[in-house]
Amino acid sequence: MRVVRKLLETLFALILILWVLLPIYFISSLSLSTRKEVFSFPKPFIPREVSVDILRFFVEAHGTVRSLLNSVVVAFISILIVLVVSLPAAYALSRRRFRGRDSIMLFILTSRMLPIPLLAIPLTNLYIAMRLYDSLLGVALLHAAMALPFAIIILTGIFVKISKDFEEAAYIFGASKTKTFLKVTLPMALPGITAMLIFTFITSWNEVFAASILTVENRTLSAHVLNVMQASPIYFKYAAGFFLSLPAMVFIFLIRNYLFEMWGGLQSEK
Amino acid sequence: MKSKSVRLEDIEKKYGKNTVLKGINLEVEAGEFLVLLGPSGCGKTTTLRLVAGVERPDSGRIFIGGRDVTDLPPQRRNVSMVFQNYAIFPHMSVRDNIGFGLKMRGVDKVTIGKKVSEVSRLLKIENLLDRYPSQLSGGQRQRVAVARALATPFDVLLMDEPLSNLDALLRAEMRGELKRLHRKLQHTVIYVTHDQVEALTLGDRIAVMFDGEINQVGTPEEIYEYPENTRVAGFIGTPPMNLLEVEFDGEARVDGLEFHIPAKIRKFLETHGIKRFKLGFRPEYVELRRTGMSGTIVLRENIGYNEILNIQFGNHIVRAVTKRGEVRDNRVNFSVPEQHMRIFMNEKLVRDI
Amino acid sequence: MRSDEKIYLLLAPLVLYILFFFLSPFGSAFKLAFFNDSGKFTLDYIVKTIKDVRFYSALKYTVLFVVTIIPLQLVTAFVIALYITRRGSSWLMFIVSIPLAISDLAAGLIFLSVFSESGFLNSFLYSLGLIKRPIYFLSYQNTWFLFLAVVLAEHWRATSIVLLILVAGLQMIEKDFHEAARIFGAGFIKEIYFVTLPLLKPSIQSALIIRTIFAFQMFAVVLALAGDMIPVLSGEAFFWYSLYRNPHIASVYALIIILISVFFTFVYLRVMRQEL
Ligand SMILES: Nc1ncnc2c1ncn2[C@@H]1O[C@H](COP(=O)(O)OP(=O)(O)OP(=O)(O)O)[C@@H](O)[C@H]1O
Ligand SMILES: [Mg+2]
């Protein structure tokens with residue numbers, strides 16, 4: 001009885017792992033093969049050869065490098081904006097109960113529920129008027145707005161955890177408020193802040209609707225791929241899929257310890 | 001309600017590398033009220049959880065009513081339990097919490113209702129039935145947990161410090177209720193507590209545990225009068241037994257000072273050639289008279305009607321309980337009646353002298 | 001300065017930012033949907049949208065996606081979450097959360113490697129001897145299969161977020177409740193029905209709402225796997241804006257998306273309050 005159960009459980013875990021990892025394995029093995037190999041049929045489970053042919057084709061294709069750089073720039077500007085806006089706000093939200101705190105929190109949360117088409121399409125007119133249309137800054141501003149609600153929730157959770165006691169201890173030993181924040185609060189919050197920034201990066205890297213709508217020339221990588229893929233050969237699509245998911249997988253590995261804290265924070269806010 | 005015996009055979013339990021239970025052997029008779037007593041972290045809760053079946057032993061067998069239940073899941077062991085931290089369901093009203101076990105057994109609503117009101121009357125929570133756990137105080141929650149355990153049919157009742165969070169008055173009252181209930185229904189109970197008064201008043205027998213081992217099982221009188229070893233002796237009783245290190249060279253000496261021992265013990269020591277031992281005696285039995293050893297009172301602890309005198313004797317402190325105010329002078333003489341002296345060799349009680 | 005004022009000062013940039021980026025477009029969207037370029041009120045755009053045949057199939061497919069994907073995700077995520085919490089298996093949790101950060105565009109492209117003509121599913125079927133030549137899974141003749149492919153890709157990608165929410169919720173339900181349920185006689189099924197699900201209700205609710213709102217915006221994964229063979233609301237908004245250069249009709253679609261998301265959210269909240 002117990003053996004059978006154990007066996008079934010192991011089988012379940014195995015299926016689960018295969019379900020998650022197989023598609024990643026498939027796309028990787030295809031992206032790391034040659035253009036000719038992609039069309040061969042039937043495909044062996046273990047690839048016959050490993051090559052960077054397809055990846056090189058992808059990178060050398062018109063627009064890839066430029067949009068890749070754009071993606072990185074947009075992501076970093078978003079991160080910067082998120083930092084500047086969210087740090088003081090989250091600090092305030094975590095420290096004191098004040099009038100309107102709960103409404104502000106609710107407002108932040110529900111704002112994220114607005115669909116992206118609703119944000120991006122009307123924004124174009126405004127951007128054209130503000131000369132932000134087709135600019136990296138414009139895209140970054142919207143990406144930052146999209147990442148802000150979660151950033152606030154994560155950060156507030158972190159700051160709440162860092163007990164006020166530490167700060168008071170610092171005051172007592174003669175540190176100023178600014179100094180306390182820089183020397184005590186921030187270092188303790190740093191790992192969590194890093195996770196939050198990575199999260200912002202991913203949000204920006206992955207976002208495709210707004211990045212396509214708000215730009216014509218200055219596309220991010222996701223937007224670029226979306227717009228050219230219909231007219232591209234299949235190996236381009238494979239390489240794009242592989243390339244787009246790579247940083248996502250690396251980053252999920254980096255923030256794995258924070259996965260639960262983020263959601264724990266979210267849930268206790270509700 | 002039928003009741004069944006419980007037997008633990010060579011139970012070992014590890015958490016990671018840490019062996020929490022080191023070979024527990026324990027027999028609880030059908031209808032017996034057994035108290036598990038021991039310091040924090042010694043493995044009392046773990047033992048209960050093993051009997052309940054929410055935890056599996058690494059080795060050893062567990063029997064309930066003679067049947068081997070080691071591999072049975074909790075819901076098929078027919079035990080009931082009061083959790084140390086209550087575990088009453090936050091999404092159910094007090095009424096539903098108490099009736100939960102009956103509902104799971106498919107009992108009809110009317111019977112559940114009757115049982116719930118009967119038990120809640122016993123625990124004085126009738127007026128809380130429609131509340132939710134978040135609207136209760138700690139002590140009220142604890143009583144709901146007890147009520148739930150009592151309302152559910154069981155062969156064995158496990159209680160993990162069920163009264164720890166009540167005020168002294170309520171605790172004494174509940175203690176009385178539990179005792180009366182047990183007299184009436186004669187169910188098998190394993191009851192965990194830190195509280196010695198609880199242990200001594202409630203238990204048919206007491207099992208004293210240290211560090212994952214049971215040191216002694218016996219009636220409250222046995223445990224109190226004849227502690228199996230110095231650890232039990234030093235744990236039971238408030239204040240616990242005095243334990244003096246004695247050197248014997250024809251005369252008994254404590255830190256060089258002579259200590260009067262009766263001829264019978266002297267003879268025993270001589271025939272066995274014993275040079276060192278520990279002498280134990282309860283503070284309640286110390287007699288303060290003109291004769292005997294002399295010492296100085298260095299501290300008086302007021303415990304209400306009585307007081308505890310801390311008497312400096314050599315490098316030892318001898319504690320004695322007397323009526324408050326009876327001893328005025330700080331120089332006192334004390335002696336210990338022969339029948340209350342206990343000899344410990346290698347920390348173990350020497351029984352037949 | 002009073003300390004309360006200081007707090008509002010710290011919060012001001014955030015609130016202004018969000019107001020600007022979330023609320024002002026909301027107003028403009030209404031303006032775009034109901035007023036023409038010379039500023040006159042009109043229902044033309046609405047009429048034109050509903051008269052479009054693609055609108056109905058977009059609406060149909062979007063709703064179909066939502067009502068198949070989300071229940072499926074909830075059930076699988078719940079089973080996996082139970083398994084992971086009971087076994088306390090954190091490495092499994094890590095593996096299962098790998099797709100979490102992958103975009104829907106990338107997920108679509110990844111599943112292309114499975115379903116394409118010379119892809120792994122065809123190769124697998126061939127090696128089993130079930131087919132003689134590759135099947136064109138992703139063609140307009142196979143709409144139901146296109147649909148299935150998108151469902152699978154979405155399930156693969158977005159179940160991890162539901163899982164994360166449910167595992168976090170399950171961990172908050174103390175181990176004690178699970179044990180108490182067992183001791184008081186509940187078996188696996190009864191425990192789930194009477195104890196686990198009711199306690200998990202808030203987590204299920206958040207997962208449901210978050211997923212529904214995002215599922216109504218689904219489009220890159222559909223585009224990657226099915227091109228324009230399966231229309232969805234967000235996709236139509238995208239095409240109307242970037243292909244046909246009509247921000248008015250694109251805005252109508254955007255408003256329809258939020259309307260329908262809000263409607264579903266309210267239905268959930270209603271049903272959840274009564275049930276369970
Ligand atoms: N789940 C667990 N994982 C690891 N160690 C545990 C676990 N549960 C208990 N322990 C350890 O086992 C030992 C015995 O714990 P147990 O809860 O049985 O003690 P106890 O006698 O009930 O203590 P208390 O009187 O404080 O409730 C302790 O040292 C504890 O740290
Ligand atoms: Mg305990």
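Residues numbered from 1 in each chain as written. Chains lettered and ligands numbered in written order. Predicted model: local features only at pLDDT ≥ 70, side-chain atom pairs only at ≥ 80, totals over all residues. Heavy atoms only, no water.

Student: Requested: an account of helix α1 (residues 44-52) of chain B, with residues and values cited.
Tutor: Residue and element names in this part refer to chain B. The buried fraction of α1 is high, at 8 of 9 residues. Turning to α1, its buried residues are K44, T46, T47, L48, R49, L50, V51 and A52. In the stretch just after α1, G53 is the one whose phi turns positive, near 95°. (Buried < 20%, exposed > 50% of the residue type's maximum accessible area, 1.4 Å probe, protein only. Helix = DSSP H or I, 4+ residues; strand = E, 2+ residues; numbered from the N terminus.)

Student: Mind laying out the domain arrangement of chain A, listing which residues take part and the relevant values?
Tutor: It is common to report an interface's size as the accessible area lost on association of the parts. Residue and element names in this part refer to chain A. Under the domain assignment used here, chain A contains domain 1 (1-51) and domain 2 (62-269). Just the C-alpha atoms count here: the centres of domain 1 and domain 2 sit 33 Å apart. Tallying the contact residues gives 8 residues for domain 1 and 7 residues for domain 2. Our enumeration of links across domain 1 and domain 2 arrives at 1 residue pair in polar contact (both at pLDDT 80 or more). Mapped onto the side of domain 1 that touches domain 2, the elements with two or more residues apiece are α1 (2-31) and α2 (35-38). Among the elements that line the side of domain 1 that touches domain 2, the one with the most residues is α1, at 5 residues. Looking at the side of domain 1 that touches domain 2 residue by residue, the classes come out as 5 nonpolar, 2 polar and 1 charged. (Domains from an automatic or database assignment. Contact = heavy atoms within 4.5 Å. Polar contact = N/O pair within 3.5 Å; in protein donor to acceptor, adjacent residues only side chain to side chain. Nonpolar A, V, L, I, M, F, W, Y, C, P; charged D, E, K, R; others polar.)

Student: So what about the interface of chain C and chain A? Which residues, and what values?
Tutor: With 91 residues of chain C at the interface, the matching set in chain A holds 91 residues. Summed over both partners, the interface of chain C with chain A comes to about 8,000 Å²; 81% of that surface belongs to carbon and sulfur atoms. It is Y17, F22 and F120 of chain C that lose the most area in chain C upon contact with chain A, and together they represent 10% of the buried surface on that side. Joining chain C to chain A, the criterion identifies 1 salt bridge. The salt bridge involving R87 of chain C is made with E9 of chain A; its shortest N-O contact spans 2.5 Å. Residue contributions to the side of chain C that touches chain A peak at 22 residues, all from helix α1 (residues 3-34) of chain C. (Buried area = accessible area lost by both parts, 1.4 Å probe. Salt bridge = Lys/Arg side-chain N within 4 Å of Asp/Glu carboxyl O.)

Student: Go over the coordination of the magnesium ion (ligand 2), please, and point to the residues and values.
Tutor: Each pair of donors in an ideal octahedron of six around a metal sits at 90 or 180 degrees, and each pair in an ideal tetrahedron of four sits at 109.5 degrees. Residues and elements named next belong to chain B. The protein atoms donating to the magnesium ion (ligand 2) are T45 (OG1) and Q84 (OE1), with metal-donor distances spanning 1.8 to 2.3 Å. Here Q84 lies in the loop between β6 (79-82) and α2 (94-104) and T45 lies in helix α1, a separation of 39 residues in the sequence. Take T45: its relative accessible area is 25%, and that puts it in the partly exposed class. (Donors = N, O, S within 2.8 Å, 3.2 Å for Na, K, Ca; no water.)

Student: Residue-level account of the sheet that holds strand β7 (residues 156-160) of chain B, with values.
Tutor: Residues and elements named next belong to chain B. Reading across from one edge, β6-β7-β8-β3-β9-β10 is the order of the 6 strands in this open sheet, with mixed pairing throughout. Every interior strand has two partners, whereas the edge strands, β6 and β10 (213-218), have only one. Neighbour-to-neighbour, the strand axes of the sheet open up by a mean angle of 15°, direction not taken into account. Summarising the sheet, β7 and strand β8 (residues 188-193) pair through 5 bridges and their orientation is parallel. Of the residues in β8, the one forming a bridge with D160 is V192. (Pairing = 2+ DSSP bridges. Axes fitted to C-alpha atoms, helices over the stretch in contact; angles between N-to-C directions.)

Student: Go over the layout of surface pockets with me, naming the residues and quoting the values.
Tutor: Estimated volume of the largest pocket: approximately 1,700 Å³. Elements with a minimum of two residues in the lining of the largest pocket: α1 of chain A together with α3 (53-87), α7 (143-172), α8 (175-183) and α9 (188-215) of chain C. Considering only residue class, the lining of the largest pocket consists of 13 nonpolar, 7 polar and 17 charged. Taken as a whole, the second largest pocket holds about 690 Å³ of empty space. Lining the second largest pocket are 26 residues; nearest its centre among them are L106, L109, T110 and M113 of chain A together with I209 of chain C. Sorting the residues of the lining of the second largest pocket by element identifies α5 (101-111) of chain A together with α1, α9 and α12 (247-274) of chain C as the ones contributing at least two each. Looking at the lining of the second largest pocket, the element that brings in the most residues is α5 of chain A, giving 8 residues. Here the lining of the second largest pocket is composed, by residue class, of 16 nonpolar, 6 polar and 4 charged. (1 Å grid on protein atoms, 1.4 Å probe; cavity = no way out; pocket = protein on both sides within 12 Å on 5 of 7 lines; lining within 4 Å. Points joined across faces, edges and corners; volume = space filled by probe spheres on them.)

Student: Run through empty space enclosed by the protein, naming residues and quoting values.
Tutor: Evaluation of the coordinates by the stated rule reveals 5 cavities of 30 Å³ or more. Taken as a whole, the largest cavity spans an internal volume of roughly 950 Å³. Around the largest cavity sit 42 residues that line it, and R112 and N206 of chain A together with L100, R157 and F214 of chain C are the ones nearest its centre. Those elements that place two or more of their residues in the lining of the largest cavity are α6 (116-130), α7 (136-161), α9 (177-206) and α13 (259-269) of chain A together with α7 and α9 of chain C. It is α7 of chain C that provides the largest number of residues to the lining of the largest cavity, a total of 6 residues. Along the lines of polarity and charge, the residues of the lining of the largest cavity split into 30 nonpolar, 6 polar and 6 charged.

Student: Break down the pairing of strand β19 (residues 331-335) of chain B for me, with residues and values.
Tutor: All names here are of chain B. Bridging between strand β15 (residues 287-289) and β19 involves 3 bridges; their strand directions are antiparallel. Its bridge partner being in β19, R289 is matched across the sheet by N333. Bridge analysis of strand β16 (residues 293-303) against β19 gives 4 bridges, and the strand direction is antiparallel. From the neighbouring strand, M293 faces β19, where its bridge partner is F334.

Student: Help me get a handle on the pattern of salt bridges, residues and values and all.
Tutor: All names here are of chain B. A full pass over the atoms with the stated rule returns 34 salt bridges over all chains. Between E225 and R342 there is a salt bridge, with its nearest N and O atoms 3.5 Å apart. On the criterion of sequence distance, the pair formed by E225 in helix α7 (residues 220-225) and R342 in strand β20 (residues 342-345) is long-range, its members being 117 residues apart. You can call E225 partly exposed: its relative accessible area is 22%. Residue R342 is classed as buried on the basis of its relative accessible area of 7%.

Student: I'd like a rundown of the site of ligand 1, residues and numbers included.
Tutor: Residues and elements named next belong to chain B. Around ligand 1, the structure places Y15, V20, S40, G41, C42, G43, K44, T45, T46, Q84, E161 and H194. At a separation of 2.8 Å, an oxygen atom of ligand 1 approaches a polar backbone atom of G41. Per-element tally for the shell around ligand 1: the top contributor is α1, with 3 residues. Within the shell around ligand 1, the residues separate by chemical class into 3 nonpolar, 7 polar and 2 charged. (Near = heavy atom within 4 Å.)

Student: An account of the sheet that holds strand β4 (residues 59-64) of chain B is requested, with residue identities and associated values reported.
Tutor: The pairing of strands in a sheet happens through backbone hydrogen bonds and is either parallel or antiparallel. Residue and element names in this part refer to chain B. In space, the 4 strands of this open sheet follow the order β2-β1-β4-β5, with antiparallel pairing throughout. Of all the strands in the sheet, just β2 (18-28) and β5 (67-68) have a single pairing partner and so form its edges. The pairing of strand β1 (residues 6-15) with β2 spans 8 bridges and is classified as antiparallel. Note that in β2 the partner of L8 across the bridge is L26. Here α1 sits on the sheet and contacts β1, β2 and β4; the angle it forms with β1, its principal contact strand, is near 115°.

Student: Residue-level account of the packing of aromatic side chains, with values.
Tutor: The relative placement of two aromatic rings is captured by the distance of their centres and the angle of their planes. The tally for this structure, following the rule as stated, stands at 50 aromatic pairs over all chains. When the centroid spacing of 4.9 Å and the interplanar angle of 80° are considered together, the rings of F20 of chain C and F21 of chain C count as edge-to-face. Through successive ring pairs, a cluster of aromatic residues spans W19 of chain A together with F111, F115, F137, W144, F145 and W156 of chain C. Over the face of the ring belonging to Y224 of chain B we find R282 of chain B, whose NZ or CZ atom lies 4.1 Å from the ring centre. Directly above the aromatic system of Y61 of chain C lies the positively charged group of K60 of chain C, at a separation of 4.8 Å from the ring centroid. (Phe/Tyr/Trp six-rings, centres within 6.5 Å; stacked < 30°, edge-to-face > 60°. Lys NZ or Arg CZ within 6 Å of the ring centre and 35° of its normal.)

Student: A description of the packing of α1 of chain A against α3 of chain C should follow, citing residues and the corresponding values.
Tutor: Where α1 of chain A meets α3 of chain C, the axes come as close as 12 Å, and the angle between the chain directions of the two elements is 120°. Here α1 of chain A is positioned oblique relative to α3 of chain C, judged by the angle of their axes. For α1 of chain A against α3 of chain C, the interelement crossing comes out left-handed. Contacts between α1 of chain A and α3 of chain C involve K6, E9, T10, F12, A13 and L16 of chain A on the former and, on the latter, V79, I80, Y83 and R87 of chain C. (Parallel < 35°, antiparallel > 145°, perpendicular 65-115°, else oblique. Left-handed = near helix turned anticlockwise from the far one by under 90°.)

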